[in-house]
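Letter by letter, the chains look like this.
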Amino acid sequence: MQKKLLLFLLCLICPLVWGDGRSAGKLSEILSRSQLMCASAMVYFNPAERTPDPRGLNATFEHLNIMETYMVQLGQPEALVQPLRAMKEVFETLDRLPPAERERYPELIQQLLGHQQQLQQAASAAYASAGPDLAAADLEAQSQALATVLLDYQVRLYPLPRKGGLTLTPDQAKELDQTIEQRFETLLARHVEHADVLSKVKASYLFVRPQLQQVRSGGNAGSGGAEFYLNRASVDLDELAVAVLTPVP
């Protein structure tokens, strides 16, 4: 009863919340984390991996849990809740599967990615209308960009039944890489007081960049931990975006 009352009250204040920069930040993080969740799921639920690293499962669950928390704080908008709920159902199915049925992983991951695309479309529209905070917008955009790069990388590596429409075209990949590079320079100039964090995030991207480009061109993945570095980098940018939000008068 108390939970229903809480959700009802959150829905009542939802129109006020949507125009707040902090709510835009939560929507931005949902955009990033939905992609990070899928990337981590592909690392852990890989049919070729006999001993998957539990950190991949932990990361998948963490991203899902944070998105669910933000949904409640945003008032449970149905357009976002429905695809997130579907993503959770697929994740729970994956998590319950015994290792002997790992051949089912690719088809379930395909479903997960389909639901993520629906969430991405709904969250993008909501973010655009929510009035992103100017002080945090570039940081949020960079987080989303790194998450997109990571998801593209993992999709290319994963044995999906159908990859059409799930990867960047060569022109899109080139343009995104240039945008990320230019935005880092803008961020470093604009947020001098956070240069240490931004320099670390930039270094992480530059470290895995050759690996990303190699996979886009059809080469082998090699080593370098793209999932680890870009996952952390995206989350660090989101945390920094919260720190620089314009104070509410």
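Below you will find a few notes about this structure. (Residues numbered from 1 in each chain as written. Predicted model: local features only at pLDDT ≥ 70, side-chain atom pairs only at ≥ 80, totals over all residues. Heavy atoms only, no water.)

### Observations concerning the overall build of the protein
A count of helices and strands for the protein gives nine helices and zero strands. Starting at the N terminus, the α and β elements of the protein follow one another as α-α-α-α-α-α-α-α-α. Looking at the 249 residues of the protein, the share that counts as buried comes to 48%. Sequence-distant contacts in the protein: of pairs separated by 6 or more residues, those separated by 24 or more amount to 76%. (Helix = DSSP H or I, 4+ residues; strand = E, 2+ residues; numbered from the N terminus. Buried < 20%, exposed > 50% of the residue type's maximum accessible area, 1.4 Å probe, protein only. Contact = heavy atoms within 4.5 Å.)

### Observations concerning the pattern of salt bridges
On inspection of all chains with the given rule, the structure shows 13 salt bridges. Across the salt bridge formed by Arg232 and Asp236, the nearest N and O atoms sit 2.9 Å from each other. A residue pair is termed a helical-turn pair when its members lie 3 or 4 positions apart in one helix, as Arg232 and Asp236 do in helix H9 (residues 226-243) at four residues. Since its relative accessible area comes to 16%, Asp236 is described here as buried. Residues joined by salt bridges that share partners form a network here, namely Asp152, Arg156 and Arg216. (Salt bridge = Lys/Arg side-chain N within 4 Å of Asp/Glu carboxyl O.)

### Remarks on the layout of surface pockets
Taken as a whole, the second largest pocket holds about 340 Å³ of empty space. Lining the second largest pocket are 15 residues, and of these Gln35, Thr148, Leu151, Leu166 and Leu168 sit closest to its centre. By residue class, the composition of the lining of the second largest pocket is five nonpolar, nine polar and one charged. (1 Å grid on protein atoms, 1.4 Å probe; cavity = no way out; pocket = protein on both sides within 12 Å on 5 of 7 lines; lining within 4 Å. Points joined across faces, edges and corners; volume = space filled by probe spheres on them. Nonpolar A, V, L, I, M, F, W, Y, C, P; charged D, E, K, R; others polar.)

### Considering the nonpolar core
General note: in soluble globular proteins, nonpolar side chains tend to be found buried as a group. Counting 41 residues, the largest nonpolar core has Ile30, Phe45, Ile109, Leu112, Leu113 and Leu119 as its most contacted members. Where this core is concerned, the elements lending two or more residues are helix H2 (21-44), helix H3 (54-73), helix H4 (78-96), helix H5 (105-129) and helix H6 (134-157). With 10 residues, H5 is the largest single contributor of residues to this core. One finds Leu168, Ile180, Tyr205 and Val244 within the second-largest nonpolar core, a separate group that totals 31 residues. (Core = buried A, V, L, I, M, F, W, Y, C linked by side-chain atoms within 4.5 Å.)

### Topic: the side chain of Ser34
Relative to the helices and strands, Ser34 is located in helix H2. Those residues in contact with Ser34 that sit more than four places away from it in its chain are Met67, Met87, Gln116, Leu119 and Gln120.

### With respect to the environment of Glu89
Residue position: Glu89 is located in helix H4. Given a relative accessible area of 48%, Glu89 falls into the partly exposed group.

### Here's the deal with the packing of H6 against helix H7 (residues 170-190)
The geometry of H6 relative to H7 is characterised by a closest axis approach of 10 Å and an angle of 150° between their N-to-C directions. As for how H6 packs across H7, the hand of that crossing is left-handed. Counting all contacts with H6, which are made through Asp138, Leu139, Ala141, Gln142, Ala145, Leu146, Thr148 and Val149, the residues of H7 involved are Leu176, Ile180, Arg183, Phe184, Thr186, Leu187 and Arg190. Residues of the contact of H6 with H7, tallied by class, amount to nine nonpolar, three polar and three charged. (Axes fitted to C-alpha atoms, helices over the stretch in contact; angles between N-to-C directions. Left-handed = near helix turned anticlockwise from the far one by under 90°.)

### Notes on the environment of Leu146
Within the secondary structure layout, Leu146 lies in helix H6. It is 8.0 Å that separates the C-alpha atoms of Leu146 and Asn231, two residues lying 85 residues apart in sequence. The contact partners of Leu146, leaving out residues within four places of it in the chain, are Ile180, Phe184, Val201, Tyr205, Leu230, Ala233, Ser234 and Leu237.

From the geometry alone we can't say anything about function, so treat these as descriptive.
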